[in-house]
Amino acid sequence: MAKNLYTEYQIKELEKNSNIIHASERSITYKAEFKLKAVQEYKLGKSPSQIFLENGFNLDIIDKKLPVRCLSRWKETFDKYGEEGFLTERRGKGSTGRPSSRSLSVEEQLKKAEARIKFLEAEVDFLKKLEELERQALKKKRF
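Owing to the predicted nature of the structure, the values given are computational and were not obtained by experimental measurement.

Reading guide: rules and limits
Residues numbered from 1 in each chain as written. Predicted model: local features only at pLDDT ≥ 70, side-chain atom pairs only at ≥ 80, totals over all residues. Heavy atoms only, no water. Helix = DSSP H or I, 4+ residues; strand = E, 2+ residues; numbered from the N terminus. Buried < 20%, exposed > 50% of the residue type's maximum accessible area, 1.4 Å probe, protein only. Contact = heavy atoms within 4.5 Å. Salt bridge = Lys/Arg side-chain N within 4 Å of Asp/Glu carboxyl O. Expected span 1.5 Å × (residues − 1). Arc of directions from axis to C-beta. Patch = residues over 30% accessible without salt bridge, like charges linked within 9 Å, V, L, I, M, F, W, Y side chains within 5 Å. Areas by Shrake-Rupley, 256 points an atom, 1.4 Å probe, with all protein chains shown as cover. Pairing = 2+ DSSP bridges.

> Mind showing me how you'd approach the overall build of the protein chain here?
Looking only at helices and strands, the protein chain has 7 helices and 2 strands in total. For the protein chain, the α and β elements follow one another from N to C terminus as α-β-β-α-α-α-α-α-α. Counting over 143 residues, the protein chain shows a buried share of 24%. When contacts within the protein chain are restricted to residue pairs at least 6 apart in sequence, long-range pairs at least 24 apart make up 39% of them.

Written as structure tokens, this is what we have:
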């Protein structure tokens, strides 16, 4: 993560760039298309700074070292996951978790599926109870 904090003015300037999804005082979220294009250009021999400059970034705002760090991280992601690595979220709520390093037997797959079904059924039951409680609360409120 960047050590420098972006000011409101810098954030607005960054968000004008079509290659950025979002900018905050601590981070910049880049579009997947830009990451892929940057990695491809980097592999063709362009420098990280040159790639960022050609795509409308002001290195005085983002820091001259940021392109090198980003390209290093993005190249690693591309080498490991390919193009799909930029299109799939692997962190937070969008993540499907760490993939299992071993293949599961049919019995293990069945147990896992049954556990998931039980969990989803419990979730549905919970939501039904919640809706019923909300209905009851609305009825009491009306009287």
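> I would appreciate a short explanation of the pattern of salt bridges in the present structure.
Once the charged atoms of two side chains with opposite charge are near each other, the side chains can pair. Within this structure, the stated rule accounts for 8 salt bridges. The partner of Asp63 in a salt bridge is Arg69, and the shortest N-O contact between them spans 4.0 Å. For Asp63, a relative accessible area of 28% gives the class partly exposed. With relative accessibility at 37%, the residue Arg69 sits in the partly exposed group. A salt bridge links Glu132 to Arg135, with the nearest nitrogen and oxygen atoms 2.6 Å apart.

> How should the environment of Lys12 be read in this particular structure?
Mapped onto the fold, Lys12 is located in helix H1 (residues 8-15). Separated by 12 residues in sequence, Lys12 and Ser24 place their C-alpha atoms 9.3 Å apart.

> Mind showing me how you'd approach helix H5 (residues 66-81) here?
Think of an α-helix as 3.6 residues a turn; residues three or four steps apart then line up on the same face. When the terminal C-alpha atoms of H5 are compared, their 22 Å separation across 16 residues agrees well with the 22 Å that a helix rising 1.5 Å per residue should span. Among the residues of H5, Leu66, Pro67, Cys70, Leu71, Trp74 and Thr77 are the ones counted as buried. Taken down its axis, H5 places every buried residue within 130° of arc, on the same side. In this structure, H5 carries Glu76 and Lys80 as exposed residues pointing more than 90 degrees from its buried face. Positive phi appears at Gly82, one or two residues downstream of H5, with a value of about 75°.

> Can you help me understand H1 in this one?
What H1 keeps buried is the set Gln10, Ile11 and Leu14. For H1, the angular spread of buried residues about the axis comes to 100°, placing them on one side. Opposite its buried face, H1 presents the exposed residues Glu8, Tyr9 and Lys12, each directed more than 90 degrees away. Turning to H1, the residues buried within the fold contact strand S1 (20-23), strand S2 (28-30) and helix H4 (59-62).

> Help me out: how do you make sense of a nonpolar patch on the surface in this one?
Together, Phe126, Leu127 and Leu130 line one region of the surface with nonpolar side chains, adding up to about 290 Å² of accessible area. Residue position: Phe126 is located in helix H7 (residues 106-142).

> What should I look at first to understand the environment of Leu36 in this one?
Mapped onto the elements of the fold, Leu36 is located in helix H2 (residues 32-43). A relative accessible area of 14% means that Leu36 is categorised as buried. Separated by 38 residues in the primary sequence, Leu36 and Trp74 have C-alpha atoms spaced 8.0 Å apart. Discounting residues that sit within four places of it in the chain, Leu36 has contacts with Phe78, Glu83 and Phe86.

> Would you mind going over the pairing of S1 with me for this structure?
Taken residue by residue, a regular strand's side chains alternate between the two faces of the sheet. By the bridge criterion, 3 bridges tie S1 to S2 in an arrangement that is antiparallel. Residue pairing across strands places His22 opposite Thr29, the latter belonging to S2. The antiparallel hairpin formed by S1 and S2 contains 4 residues in its connecting segment.

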